[in-house]
Amino acid sequence: MVYNYVKIAWRNLVKYKLFSLINIIGLSLAIPSALMALIQIVNYYEYDNFHQDEDRIVRVITDERQTDGTLTNWASSPVPLATYAKKNLAGIENATTLVREFDWTLSNGIKTKNSKAIYTDLAFFQLFNFPLETGSYPIEPNTIVLTQETARWFFNNTNPVGKILEHPKLGNFKIVGVLKPFNPQKTQFRTDVFVPLADYGVNHNRQNNWAELNAHTFLKLASRTTTVNLTEQLAKTSNTINGLIHVPTGKKLYFKAQNLTDISPAKEVLKNDPYIQDTRSIAINFAFQLIILLLASLNYINLTLARSMNRSREVGVRKVAGATKSQLVFQFLIESVLVSYIALSFGLGILWLIKNYLHVSWLTWDIDHLGYLILIFFGFNLLLGLFAGASPSLILSSFQPITVLKGSGTPASFGKIGFRKSLIVVQFTIALVYLFFIGHAYHQINYMANDNENYHRHHILNINLPANSYQPFAADLNALKDIQTIGYTSLTFGNKPTPTTIKTLQSDLAYSTFYYAADHNFIQNMGLRFVAGTNLVHSHGEQASPLVVVNQKAVEKLALGSDQEAIGKLVTLQDTLSATIIGVVANFCHYDYERKIEPVVFQYNPSLFKVMCLQTNPASDRLSIETELQNLWHKRHPRQEMNFSWFDTDLYERYFPRHEMQLMSLEGMVIFVIAILGLIGILTYSLEKRAKEIGIRKVIGATTFAIIQLMAKDFIKLLAIATTLAIPIGIAIGVYMNTYFVFNNGLSYWTMSWLLLVVVGVALGAIGYFSRVAAQTNPAKTLKMD
């Protein structure tokens, strides 16, 4: 019986080729977004499943109760807890502590990376499976281990072991090892660098602080110790541990054990639980992905009901022949499920293309239990087919045979306007708003990636200065016709600079400021705009200059009056160095477009120079410049590779997430295509319903153009409503997005207009095409229709 139903369903798909094709295209375009969400959900259940004895590893979480009874649940715990637990609790085989810092900054001179760091000890690498590619684990102070991705970012394919990276506050760190590759999307321990826990104690003076819950404690239990047993021990020692909090806080800490396998996905929301998704957030994110699929499913319903006139006689004949309503419902559900599985095959092909050509950092494709995932795909697709087919099957199977066989049946409807036309408005509004959002995002990202207004970035080549003398190499460069100006700086723009303090008098309150060691030519090469005073004085000496250039924000913070009044006034840097302001530059974005404007100070200080900044001839060929510079470099430094990069290329790679933008654009295109398919569905429905009317109008003399106008008028109204709703929403979204960027390029109304023109143009083209086809139909043929 099922075979016969499938055969009939296939025949109907072949018979109504246009409707079948539209349904399959719509669902196949929408399915990949839901499948990607399902892959991520499966991945959340596979977090940290690659560690040995994972079933014996637990994390200690904390309930913090204030004196007023307020309870806060933390995923973290105090730094000393691991050592205390291993020493005082029974059944603990090993213990480790880790502290995360998300705003670490490392630099090799020319390249600076805003990094994620984990402070931890050797026991961490004994509990968790992060093997080394080369070198050793960090034990000694000021040593680090890099992930392979970070090592390649700084040093390409060169072995980095033994090299130095600098932290702007904490000084130099020696690289002692590089980890083997691992998938960061399958673990909560995502990082760029591992640092000895001893350095955390030295740098932060918090290693024995029991009041702060800034660490994560992991314990490996002995073979016969259970999580329940450990939780009971932790409960009994709570009073003792609370007594170790030296400064009275009025709060009590209560600890309990959580199995490693229960961490992800989180059943409850815990504070300080990075990279862990809770079940509620997963459900909300998945619901957003289902919106696209829902729109495609509603299109299926629209198209199926639009051809209900053609199916009504079939239903009447089958009912007269003895078919029950349940059999008809089953028949129509088989059709919708068949369409969904055909769409799944195409959707999987699209998913494969996304996997291989869109390398989005937050997406993972590495799933361990592939069999379960396949079952989930097929089960989910079955539910999709049943959902899409439920409404049409119930409506079509409810036709009365006497009515339809007499020819008095009418297509299924939800009212004069109702659901169908409202859906067109909703679909096009969503499509336009999403495309406006993408347009605003692209406009801002493109501005950040190519902006040459805050400072010059084109035709600038940065070279990492060698450890020994660089003056002979600089002298060689001065003789090259392609090099216009040579400047020096401690750090290139686009990276977080070294913070320092600035104040007017020794007794005044010091303000945080960003510091650049630079010379006259660097500021000139960057094209900074002076609003008062002059540039730094030309100098080739070895001593730091007592003259500085500041930005307008520094003048404002120090209350020095107007920009012109600030010239000649004394300031104090780092509480000790007295300097005179000789120039004020306009505020500019030097490292982060989202950050608020902070004071900036430029000082000639050659001992801190690390980058040579070359202004090149705009007409010169970059490859020839690189070749010429490398030849000169190797003559002066034969044992050292020249580390260099073009400034505009660096900043473009930093600010333009190409693959993420491609994925967003793809989703926007999918929503747009689904909206067009919905329009085609309602067009087909309307034109089919009014076929005889069109024939009568042609017989009495109506022209094709007049009929097209008549048929298109209602749909143009729907597009006008959608446009009227979408434009203010799109503008509001753009204004809201720009609030996150101190430096932004405003709203691109031209981009919005172009996107609106494309969407409305395609929609009007579809309306015109189908209306013209209907208007040119032979009236003799349509008037003979039963």
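Model, not experiment: these values are computed from the prediction. (Residues numbered from 1 in each chain as written. Predicted model: local features only at pLDDT ≥ 70, side-chain atom pairs only at ≥ 80, totals over all residues. Heavy atoms only, no water.)

K.L.:
I'd like a rundown of the overall build of the protein, residues and numbers included.
P.N.:
Counting its regular elements, the protein contains 25 helices and 22 strands. Across the 786 residues in the protein, those meeting the buried criterion constitute 52%. As displayed, the protein has an accessible area near 36,400 Å², and 58% of this comes from carbon and sulfur atoms. (Helix = DSSP H or I, 4+ residues; strand = E, 2+ residues; numbered from the N terminus. Buried < 20%, exposed > 50% of the residue type's maximum accessible area, 1.4 Å probe, protein only. Areas by Shrake-Rupley, 256 points an atom, 1.4 Å probe, with all protein chains shown as cover.)

K.L.:
Lay out the sheet that holds strand β12 (residues 460-464) in plain terms, naming residues and giving numbers.
P.N.:
The strand order across the open sheet built from four strands is β13-β21-β12-β22, with neighbouring strands paired in antiparallel fashion. Across the chains shown, the open sheet's two edge strands, defined by having one partner strand only, are β13 (483-489) and β22 (644-646). Neighbour-to-neighbour, the strand axes of this sheet turn through a mean angle of 20 degrees, independent of strand direction. Strand direction decides the pairing type here: β13 and strand β21 (residues 611-616), joined by six bridges, are antiparallel. Each residue of the ladder has a partner; that of I486, found in β21, is L614. Here helix α15 (residues 471-478) sits on the sheet and contacts β12, β13 and β21; the angle it forms with β13, its principal contact strand, is near 155 degrees. (Pairing = 2+ DSSP bridges. Axes fitted to C-alpha atoms, helices over the stretch in contact; angles between N-to-C directions. Contact = heavy atoms within 4.5 Å.)

K.L.:
Break down helix α3 (residues 81-88) for me, citing the residues and quoting the values.
P.N.:
Those residues of α3 that fall on the buried side of the exposure criterion are L81, A82, Y84 and A85. For α3, the angular spread of buried residues about the axis comes to 165 degrees, placing them on one side. α3 presents T83 and K87 as exposed residues on the side facing more than 90 degrees away from its buried surface. Looking at the buried residues of α3, the elements they touch are β1 (57-65), β3 (92-107), β10 (216-221), α8 (238-243) and β11 (252-259). (Arc of directions from axis to C-beta.)

K.L.:
Lay out the packing of helix α22 (residues 691-699) against helix α23 (residues 704-738) with the relevant residues and their values.
P.N.:
The interhelical angle for the contact between α22 and α23, taken along N-to-C directions, is 150 degrees, at an axis separation of 10 Å. As α22 runs across α23, the sense of the crossing is right-handed. Contacts from E693, I694, R697 and K698 of α22 reach α23 at T704, I707, L710 and M711. (Left-handed = near helix turned anticlockwise from the far one by under 90°.)

K.L.:
Quick rundown of empty space enclosed by the protein? Include the residues and the values.
P.N.:
For the structure shown, the criterion picks out three cavities of 30 Å³ or more. Counted as a void, the largest cavity has a volume near 90 Å³. Lining the largest cavity, in full, are F514, F588, C589, H590, Y591, D592, R595, K596, I597, E598, V600 and F743. The residue inventory of the lining of the largest cavity, partitioned by class, reads seven nonpolar, one polar and four charged. (1 Å grid on protein atoms, 1.4 Å probe; cavity = no way out; pocket = protein on both sides within 12 Å on 5 of 7 lines; lining within 4 Å. Points joined across faces, edges and corners; volume = space filled by probe spheres on them. Nonpolar A, V, L, I, M, F, W, Y, C, P; charged D, E, K, R; others polar.)

K.L.:
Explain the pairing of β3 to me, using residue names and the numbers behind them.
P.N.:
Most of β3 sits inside the fold, with 13 of its 16 residues counted as buried. Where β3 and β10 come together, six bridges link them in antiparallel fashion. Looking across to β10, one finds that I92 is bridged to L221. As paired elements, β3 and strand β4 (residues 112-120) share seven bridges and run antiparallel to each other. Directly across from S107, in β4, lies its bridge partner T112.

K.L.:
Explain the pairing of strand β17 (residues 547-551) to me, using residue names and the numbers behind them.
P.N.:
As a general feature of sheets, a regular strand has side chains that alternate between the two faces. Taking burial as the measure, the five residues of β17 include four buried ones, the bulk of the element. Alignment of β17 against strand β19 (residues 577-585), held across five bridges, turns out to be parallel. Bridging across to β19, V548 finds its partner in I581. As paired strands, β17 and strand β20 (residues 600-603) are joined by three bridges and run antiparallel to one another.

K.L.:
Let's hear about unusual backbone geometry: which residues, and what values?
P.N.:
With an omega of -10 degrees, the peptide bond between S264 and P265 qualifies as cis. The topology assignment puts P265 in the loop between β11 and α9 (279-306). Phi angles above zero are rare outside glycine, and N272 is one such case at about 55 degrees. Position of N272 relative to the elements: it lies in the loop between β11 and α9. Of note in the backbone geometry, A559 takes a positive phi value of approximately 55 degrees without being a glycine. Judged by relative accessible area, which is 65%, A559 ranks as exposed.

K.L.:
Hey, could you go over the environment of T777 for me, with residue numbers and the actual values?
P.N.:
With respect to the helices and strands, T777 occurs in the loop between α24 (749-775) and α25 (779-783). Look at T777 and you get partly exposed, because its relative accessible area is 29%. In this structure, the C-alpha to C-alpha distance between T777 and G695, residues 82 residues apart in sequence, is 7.8 Å.

K.L.:
Help me get a handle on the pattern of salt bridges, residues and values and all.
P.N.:
For the structure shown, the criterion picks out 15 salt bridges. K220 is the partner of E93 in a salt bridge, and the nearest nitrogen-oxygen pair spans 3.6 Å. Taken together, the residues span a long stretch of sequence, with E93 in strand β3 and K220 in strand β10 at a distance of 127 residues. (Salt bridge = Lys/Arg side-chain N within 4 Å of Asp/Glu carboxyl O.)

K.L.:
I'd like a rundown of the nonpolar core, residues and numbers included.
P.N.:
Counting residues in each nonpolar core, the largest one holds 101 residues, and the members touching the most others are F124, F128, F189, F218, F428 and L679. The element contributing the most residues to this core is helix α2 (residues 17-44), with 14 residues. Aside from chain neighbours lying at most four places away, what touches F124 is T96, L98, F130, F189 and F194. Within the second largest apolar cluster, 38 residues are counted, among which are L480, V555, L629 and W646. (Core = buried A, V, L, I, M, F, W, Y, C linked by side-chain atoms within 4.5 Å.)

K.L.:
Break down helix α5 (residues 148-155) for me, with residues and values.
P.N.:
For an α-helix, 3.6 residues make a turn, and residues three or four places apart therefore share a direction. Taken residue by residue, α5 has Q148, T150, A151, F154 and F155 as its buried positions. Along the axis of α5, the buried residues cluster in a sector spanning 160 degrees; they form a single face. For α5, the secondary structure elements touched by its buried residues are β3, β4, β5 (132-135), β6 (143-146), β7 (164-167) and β8 (171-179). The first or second residue beyond α5 is N156, which carries a positive phi of 55 degrees.

K.L.:
With reference to specific residues and values, describe the packing of aromatic side chains.
P.N.:
Using the criterion set out here, one finds 45 aromatic pairs in the structure. Between F128 and F218 the ring centres are 5.3 Å apart and the planes differ by 90 degrees, which places this aromatic pair in the edge-to-face class. Separated by 90 residues along the polypeptide, F128 in the loop between α4 (122-127) and β5 and F218 in strand β10 bring together distant segments of the chain. As far as burial versus exposure is concerned, F128 and F218 are alike and both buried. Taken together, a centroid distance of 5.1 Å and an interplanar angle of 85 degrees make the contact between W153 and F154 edge-to-face. For F154, a relative accessible area of 3% gives the class buried. (Phe/Tyr/Trp six-rings, centres within 6.5 Å; stacked < 30°, edge-to-face > 60°.)

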